[in-house]
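Each chain, letter by letter, is given below.
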Amino acid sequence: MEFEKIKKIIAEVLNIDEDDITPESTFIDDLGADSLDIFQIIMGIEEEFDIEIPQDEAEKISTVKDAVDKIKESVG
């Protein structure tokens, strides 16, 4: 469920097809995101899941799976 919601957020921010996004996709290398895009994605995730991801934790998120794991960890 988290993955589907994240895919929607990423596709919207990066203006790409949801089918191009896999759990193994890296934001920068595979999806072509820059630091501003990643910031917008993190903000979207925080808003969607009503969580807060600290800056130092957000910097460790490099793949879509990392983001899913962080959400599961934060939601509990």
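Coordinates for the structure precede this section.
Residues numbered from 1 in each chain as written. Predicted model: local features only at pLDDT ≥ 70, side-chain atom pairs only at ≥ 80, totals over all residues. Heavy atoms only, no water.

J.: Honestly, the environment of Val13 in this entry has me stumped. Any pointers?
T.: Here Val13 is to be found in helix 1 (residues 2–14). For the pair Val13 and Phe39, spaced 26 residues apart in sequence, the C-alpha to C-alpha distance is 10.0 Å. With residues near it in sequence (within four places) discarded, Val13 still touches Asp37, Gln40 and Ile41. (Helix = DSSP H or I, 4+ residues; strand = E, 2+ residues; numbered from the N terminus. Contact = heavy atoms within 4.5 Å.)

J.: Help me understand helix 4 (residues 64–75), please; the structure alone is not making it clear to me.
T.: In an α-helix there are 3.6 residues to a turn, and that puts residues three or four apart on one side. Relative to the 16 Å expected for twelve residues at 1.5 Å per residue, helix 4 spans 17 Å between its end C-alpha atoms, a close match to the ideal helical length. Restricting attention to buried positions, one finds in helix 4 the residues Val64, Ala67, Val68, Lys70 and Ile71. End-on view of helix 4: buried residues confined to an arc of 160°, all on one side of the axis. Its buried side turned inward, helix 4 meets helix 1, helix 2 (35–49) and helix 3 (55–58). Where helix 4 ends, the next residue or the one after it, Gly76, has phi of about 90°, a positive value. (Expected span 1.5 Å × (residues − 1). Buried < 20%, exposed > 50% of the residue type's maximum accessible area, 1.4 Å probe, protein only. Arc of directions from axis to C-beta.)

J.: When you look at the nonpolar core in this model, what are you seeing that I'm missing?
T.: Buried together is how nonpolar side chains tend to be arranged in soluble globular proteins. Core analysis: the biggest nonpolar cluster contains 23 residues, and Ile6, Ile10, Phe27, Ile45 and Val64 have the highest contact counts within it. Breaking this core down by element, the ones donating at least two residues are helix 1, helix 2 and helix 4. It is helix 1 that provides the largest number of residues to this core, a total of six residues. (Core = buried A, V, L, I, M, F, W, Y, C linked by side-chain atoms within 4.5 Å.)

J.: What is the right way to look at a nonpolar patch on the surface in this model?
T.: A cluster of nonpolar side chains, namely Leu36, Phe39 and Met43, defines an oily patch on the protein surface of about 310 Å² accessible area. Checked against the element boundaries, Leu36 lands in helix 2. (Patch = residues over 30% accessible without salt bridge, like charges linked within 9 Å, V, L, I, M, F, W, Y side chains within 5 Å. Areas by Shrake-Rupley, 256 points an atom, 1.4 Å probe, with all protein chains shown as cover. Salt bridge = Lys/Arg side-chain N within 4 Å of Asp/Glu carboxyl O.)

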